[in-house]
Amino acid sequence: MIKRVKVAVVGVGNNISSLVQGIALHRATGSLVGIRRPVLDGLGVGDVDFVAAFATSPEKIGKDLTEAIFLPPNNFPRLASELPLTGVTVRRGLTDAAEVERVAAELAGAEVVLYAAPSGRQETARAYAEAALQAGAAFINTTSDAVARDRQWLDRFAAAGLPLLGDDLTSQFGTSVVHHALLRLLAERGLTLVSSYQVNLGGTEDFRNLAENSTTKLQSKLNALTTADGSTSDRVQVAPIGYLAHLKSHKVAHINIEAQAWGATSVSLDVKLKVHDPSGAAGVTIDLIRIAASALRQGRAGYLAEATPLLKSPPGTAI
Ligand SMILES: NC(=O)c1ccc[n+]([C@@H]2O[C@H](COP(=O)([O-])OP(=O)(O)OC[C@H]3O[C@@H](n4cnc5c(N)ncnc54)[C@H](O)[C@@H]3O)[C@@H](O)[C@H]2O)c1
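The present account deals with the structure reproduced in this document. It should be emphasised that the depicted structure is a prediction, and the values quoted were computed from it without experimental measurement.

Conventions we followed
- All chains use their own residue numbering, which begins from 1 and follows the written sequence.
- The model is predicted, so local features are restricted to residues of pLDDT at least 70 and side-chain atom pairs to those at 80 or more, both for listing and for counting; the totals for chains, interfaces and linings are taken over all residues.
- Where side-chain values are given, they derive from all heavy atoms of the structure, hydrogens and water being excluded.
- Between Lys or Arg on one side and Asp or Glu on the other, a salt bridge is scored when a side-chain nitrogen of the former is within 4 Å of a carboxyl oxygen of the latter.
- Labels follow the DSSP assignment, with helices taken as runs of H or I lasting at least four residues and strands as runs of E lasting at least two, numbered in each case from the N terminus.
- Only protein chains enter the accessibility calculation, which uses a 1.4 Å probe; a residue is then buried when its area is under 20% of its type maximum, exposed when over 50%, and partly exposed in between.
- The pairing test for Phe, Tyr and Trp rings, Trp by its six-membered ring, is centres within 6.5 Å, and the orientation test on the planes gives stacked under 30 degrees, edge-to-face over 60, and tilted for anything in between.
- Charges are assigned to positions over rings by a cutoff of 6 Å between ring centre and Lys NZ or Arg CZ, combined with an angular limit of 35 degrees from the ring normal.
- For helices, the fitted line uses only the C-alpha atoms of the stretch in contact; every axis is such a line through C-alpha atoms, and the angle between N-to-C directions lies from 0 to 180 degrees.
- For classification, angles of less than 35 degrees are called roughly parallel, those exceeding 145 degrees roughly antiparallel, those between 65 and 115 degrees roughly perpendicular, and all remaining angles oblique.
- When the near helix sits turned anticlockwise from the far one by under a right angle, the crossing is termed left-handed; a clockwise turn instead gives a right-handed crossing.
- Should any heavy atoms of two residues lie within 4.5 Å, those residues are considered in contact.
- One less than the residue count of a helix, multiplied by 1.5 Å, gives the span that helix is expected to have.
- Being near a molecule or strand, for a residue, means having at least one of its heavy atoms within 4 Å of it.
- Whenever a nitrogen or oxygen atom comes within 3.5 Å of another N or O atom, the pair is scored as a polar contact, on the condition that within protein one atom can donate a hydrogen and the other can accept it, and that pairs from neighbouring residues in sequence are kept only if both atoms are in side chains.
- All accessibility values rest on the Shrake-Rupley procedure with a 1.4 Å probe; residue burial counts only the protein chains present in the view.
- The nonpolar class holds Ala, Val, Leu, Ile, Met, Phe, Trp, Tyr, Cys and Pro. Asp, Glu, Lys and Arg form the charged class, and all remaining residues, Gly among them, are polar.
- The pairing criterion is simple: DSSP has to find at least two bridges between the two strands.

Across all of its chains, the model carries 19 salt bridges by this definition. Close ionic contact of R27 with D49 constitutes a salt bridge, the shortest N to O distance being 2.8 Å. Taken as a pair, R27 in helix 1 (residues 14–29) and D49 in strand 4 (residues 48–55) lie far apart in primary sequence, 22 residues in all. A relative accessible area of 41% means that R27 is categorised as partly exposed. Taking the shortest distance from any N to any O, the salt bridge between R36 and D287 comes out at 2.8 Å. Placement of the pair is R36 in the loop between helix 1 and strand 2 (39–40) and D287 in helix 9 (residues 277–298), with a sequence separation of 251 residues. It is possible to trace a salt-bridge network through shared partners that takes in R91, R92, E99, R102 and E106.

The next thing to look at is the packing of aromatic side chains. Following the criterion strictly, the structure yields 3 aromatic pairs and no others. Grouped by ring-pair contacts, the aromatic residues Y115, Y128, F139 and F157 constitute a single cluster. For the cation-ring pair, R78 lies above F70, with the distance from its terminal atom to the ring centre recorded as 3.9 Å. Here the guanidinium or amino end of R156 rests over the ring plane of W153, the centre of that ring lying 5.0 Å away.

Bringing the packing of helix 4 (residues 122–135) against helix 5 (residues 151–159) into the picture now. The contact between helix 4 and helix 5 brings their axes to 11 Å, and the two run at 15°. Taken together, helix 4 and helix 5 sit at an angle that is classed as roughly parallel. Here the hand of the crossing between helix 4 and helix 5 comes out left-handed. Contacts from R126, A129, E130, A132 and L133 of helix 4 reach helix 5 at W153, R156 and F157.

To continue, consider unusual backbone geometry. In this structure, P73 follows P72 across a cis peptide bond, with omega equal to 10°. As for its position among the elements, P73 is in the loop between helix 2 (65–68) and strand 5 (91–92). Following G166, the chain continues to D167 via a peptide bond in cis, the omega torsion being 5°. Positionally, D167 belongs in the loop between strand 8 (164–165) and helix 6 (175–188).

Taking 1.5 Å per residue, 16 residues should reach 22 Å; helix 1 reaches 22 Å between its end C-alpha atoms and fits that length. Taken residue by residue, helix 1 has N14, I16, S17, S18, L19, V20, Q21, I23, A24 and H26 as its buried positions. The first or second residue beyond helix 1 is G30, which carries a positive phi of 75°.

Here the focus is the site of the ligand. Surveying the vicinity of the ligand reveals 29 residues, the closest of which are N15, A117, S119, Y128 and S171. Here a nitrogen atom of the ligand sits 2.9 Å away from a polar atom, N or O, in the side chain of S171. With respect to the ligand, the backbone of D277 contributes an N or O atom lying 3.0 Å from a nitrogen atom. When the free accessible area of the ligand is taken as 840 Å², the share hidden by the protein chains comes to 94%. Residue assignment for the shell around the ligand shows that the elements contributing at least two residues are helix 1, strand 4, helix 4, helix 7 (205–212) and helix 9. Here the shell around the ligand is composed, by residue class, of 11 nonpolar, 10 polar and 8 charged.

Structurally, S119 can be placed in the loop between strand 6 (112–115) and helix 4. Since its relative accessible area comes to 4%, S119 is described here as buried. Here the side chain of S119 touches S144 through a polar contact of 3.1 Å, landing on its backbone nitrogen. Not counting residues within four places of it along the chain, the set of residues in contact with S119 comprises T143, S144, D145, N209, L210, N213 and K217.

The next subject is the sheet that holds strand 4. Pairing in this open sheet of 6 strands is parallel, and the strands run 5-4-1-6-7-8 from one edge to the other. Here the strands that pair on one side only, and so sit at the sheet edges, are strand 5 and strand 8. As paired strands, strand 6 and strand 7 (residues 138–141) are joined by 4 bridges and run parallel to one another. Bridge assignment links V112 to a residue of strand 7, and that residue is A138.

Dropping the structure here:
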């Protein structure tokens, strides 16, 4: 019999809403739409259970996880009219390092800690990583803050026999993968890049936060565009992230590429991409959770190379 994965989530925002709802939808209907790996290391999408959840907003604390995911400022839509309660009551998250031991005790029994709080708060990310270490759980950092790409943290998880995956997700079909694929295609076809940029606009709380506090995110987005030879071309730019409330959970991205072809003639390419941003995260998070749990059970520790295509800033990329 399959042993279900026990996951604790940190941050009950839009990405967790999309993840919780997507798993419930799959369980209820068997739908495989948008699922990259129906079974990964023997674990199905429906084999992921939530066992703990942490939030800081007083409205979410004390609620069942299923109720908390619909509270503002979350604005990812409801995918189905019926959604079962998870039986997990949202607990108070940590706001300073003094609370690490309490949170570690509350993580007892979790195999994987999924860190999905706002990006740009490195000390908080590391405090939760410390709690995961103390609790003996694998840690997945979905934020752009440096944890897995800091050698000391990687060594500590490896020494403790625990997987550490991060940093920052590459959305399932987002600006990074599309932009990277187009730049690679250009090079493969022998064209010369003149200039390229991407613009990302969205209406989620994540976009609001990143529009004000984007330092680690912009570097992480550049890391995701790193070329095969390890260099990020200075001809590729990422515009500051823009928050437009009326877009709600949609992300609208524009990618422009100017290039030269045979005989130094010009080529110009413009792409507009519109997606639900939280689903881009959930669609890869479901795989990262199963990679981390499977590795933990097999006694594999530290960073796991099979996670690299799902991450913007794996170990070795710039901080
Ligand atoms: N496609 C994507 O959406 C995508 C891609 C890559 C990375 N990410 C990253 O994933 C993370 C989650 O994204 P989101 O859209 O769900 O963000 P969100 O802002 O909707 O959710 C974050 C939640 O964490 C809570 N929080 C803040 N401090 C906390 C603390 N100390 N303890 C516990 N909870 C705390 C916030 O109140 C909020 O509810 C962000 O860091 C984002 O940058 C998202």
